[in-house]
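Close look at the chain arrangement
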Amino acid sequence: MTLHLPSIPDAVTGDLAAIGRFAAARGWVPATSGNFSRRVDAGHIAITRSGIDKGAIGASDLIVVALDEPLPAGVSAETPLHVARYRRNPAIGAIVHVHSVAATVLSRADEGQGSVTLHGFEMHKALHGFTSHETDVQLPIFSNGQDTEALARRVEAALPDDPPVPGYLLSGHGLYAWGATMDDARRHLEGLEFLLQCSLEERRIR
Ligand SMILES: [Zn+2]
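Read on for a plain summary of the structure.

Procedures and definitions
Residues numbered from 1 in each chain as written. Predicted model: local features only at pLDDT ≥ 70, side-chain atom pairs only at ≥ 80, totals over all residues. Heavy atoms only, no water. 1 Å grid on protein atoms, 1.4 Å probe; cavity = no way out; pocket = protein on both sides within 12 Å on 5 of 7 lines; lining within 4 Å. Points joined across faces, edges and corners; volume = space filled by probe spheres on them. Helix = DSSP H or I, 4+ residues; strand = E, 2+ residues; numbered from the N terminus. Nonpolar A, V, L, I, M, F, W, Y, C, P; charged D, E, K, R; others polar. Axes fitted to C-alpha atoms, helices over the stretch in contact; angles between N-to-C directions. Left-handed = near helix turned anticlockwise from the far one by under 90°. Contact = heavy atoms within 4.5 Å. Core = buried A, V, L, I, M, F, W, Y, C linked by side-chain atoms within 4.5 Å. Buried < 20%, exposed > 50% of the residue type's maximum accessible area, 1.4 Å probe, protein only. Donors = N, O, S within 2.8 Å, 3.2 Å for Na, K, Ca; no water. Pairing = 2+ DSSP bridges. Salt bridge = Lys/Arg side-chain N within 4 Å of Asp/Glu carboxyl O.

One number sums up the size of the largest pocket: a volume of about 320 Å³. Lining the largest pocket are 17 residues; nearest its centre among them are His128, Asp162, Pro166, Trp178 and His188. Looking at the lining of the largest pocket, the elements with two or more residues in it are β8 (174–179) and α5 (182–205). No other element matches the 3 residues that α5 contributes to the lining of the largest pocket. Across the lining of the largest pocket, the residue classes tally to 8 nonpolar, 5 polar and 4 charged.

Contact geometry of helix α2 (residues 79–88) with helix α4 (residues 148–158) gives a least axis separation of 8 Å together with a crossing angle of 35°. Regarding α2 and α4, the two cross each other, and that crossing is right-handed. From α2, Pro80, Leu81, Ala84, Arg85 and Arg88 reach across to α4, where they touch Thr148, Glu149, Leu151, Ala152, Val155 and Glu156. Counted by class, the contact of α2 with α4 contains 6 nonpolar, 1 polar and 4 charged residues.

Within the largest apolar cluster, 40 residues are counted, with the highest numbers of intra-cluster contacts made by Phe36, Leu175 and Leu196. Of all the secondary structure elements, the ones that give two or more residues to this core are α1 (10–25), β3 (62–66), β4 (94–98), α3 (101–109), β5 (115–118), β6 (137–142), β8 and α5. The element contributing the most residues to this core is α5, with 7 residues. Core analysis: the second largest hydrophobic core is formed by 21 residues, Ile47, Phe142, Leu151 and Val155 among them.

With that settled, consider the coordination of the zinc ion. Six octahedral donors around a metal ideally make angles of 90 or 180 degrees; four tetrahedral donors ideally make 109.5 degrees. Looking at the zinc ion, one finds its protein donor set to be Glu78 (OE), Glu78 (OE), His97 (NE2), His99 (NE2) and His173 (NE2), positioned 2.0 to 2.8 Å from the metal centre. Within one chain, the residues serving as donors to the zinc ion are arranged as E-x18-H-x1-H-x73-H. Taken together, the residues span a long stretch of sequence, with Glu78 in the loop between β3 and α2 and His97 in strand β4 at a distance of 19 residues. On the basis of relative accessibility, which here comes to 11%, the residue Glu78 falls in the buried class. Using a relative accessible area of 0% as the deciding quantity, one classes His97 as buried.

On the basis of which strands lie adjacent, the open sheet formed by 8 strands has the order β3-β2-β1-β4-β8-β7-β6-β5 and mixed pairing. Here the strands that pair on one side only, and so sit at the sheet edges, are β3 and β5. Direction aside, the axes of adjacent strands within the sheet are offset by 20° on average. Summarising the sheet, β4 and β8 pair through 5 bridges and their orientation is antiparallel. Note that in β8 the partner of Val98 across the bridge is Leu175.

Next up on the list: unusual backbone geometry. A negative phi angle characterises most non-glycine residues, just as the trans form characterises most peptide bonds. One non-glycine residue with positive phi stands out, namely Ala31, at about 55°. Tracing the chain through its elements places Ala31 in the loop between α1 and β1 (35–41). Positive phi, normally seen in glycine, also occurs at Thr32, with a value near 65°. Structurally, Thr32 is set in the loop between α1 and β1. On the basis of relative accessibility, which here comes to 37%, the residue Thr32 falls in the partly exposed class.

The next subject is the pattern of salt bridges. Applying the stated rule across the entire model yields 8 salt bridges. Note that Glu156 and Arg85 form a salt bridge whose closest N and O atoms lie 2.9 Å from each other. Taken together, the residues span a long stretch of sequence, with Glu156 in helix α4 and Arg85 in helix α2 at a distance of 71 residues. Residue Arg85 is classed as buried on the basis of its relative accessible area, which comes to 1%.

In structure tokens:
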């Protein structure tokens with residue numbers, strides 16, 4: 001049992017409030033959907049509560065979660081997906097999740113192929129490790145599930161230790177992205193969203 005949970009530093013609250021405003025302004029977290037988290041220390045994260053407006057996150061909207069303890073009440077239902085990523089890779093400092101139209105539509109359209117393949121876009125270079133538009137970005141797609149503990153196990157079993165793309169899609173649901181810092185996670189989110197929107201537009205005019 002955890003006796004002392006760390007308090008949430010103001011910088012962490014500020015990061016989570018800022019990413020919430022950023023995503024809400026773009027229409028990526030409609031109807032209180034989406035969730036955001038940031039590492040507080042090696043064993044703890046701060047994550048958004050369930051059902052809050054992601055465009056107006058304050059200190060009281062965040063909960064500290066110990067990565068090796070049972071989840072506290074009130075956290076987002078998708079907290080197991082965050083916790084599993086942080087446990088898997090100690091270098092991850094922030095995880096962001098949105099329910100955008102492009103992620104939702106393309107994850108359904110390409111679920112049978114297991115990934116959305118993005119080809120030839122300069123924006124590939126927004127993703128850590130990508131240095132050219134000539135390297136395809138293959139964004140994995142997993143079927144959705146309401147048992148998020150089981151879903152997290154399924155996702156982590158399929159992902160390699162060091163995934164080439166810092167994100168994945170849940171079919172008919174949305175996009176997860178992460179990074180070493182909140183700035184990295186936000187750049188990955190924005191880059192992947194841009195790529196998905198381009199792909200969606202191209203399919204429309206084809
Ligand atoms: Zn979600």
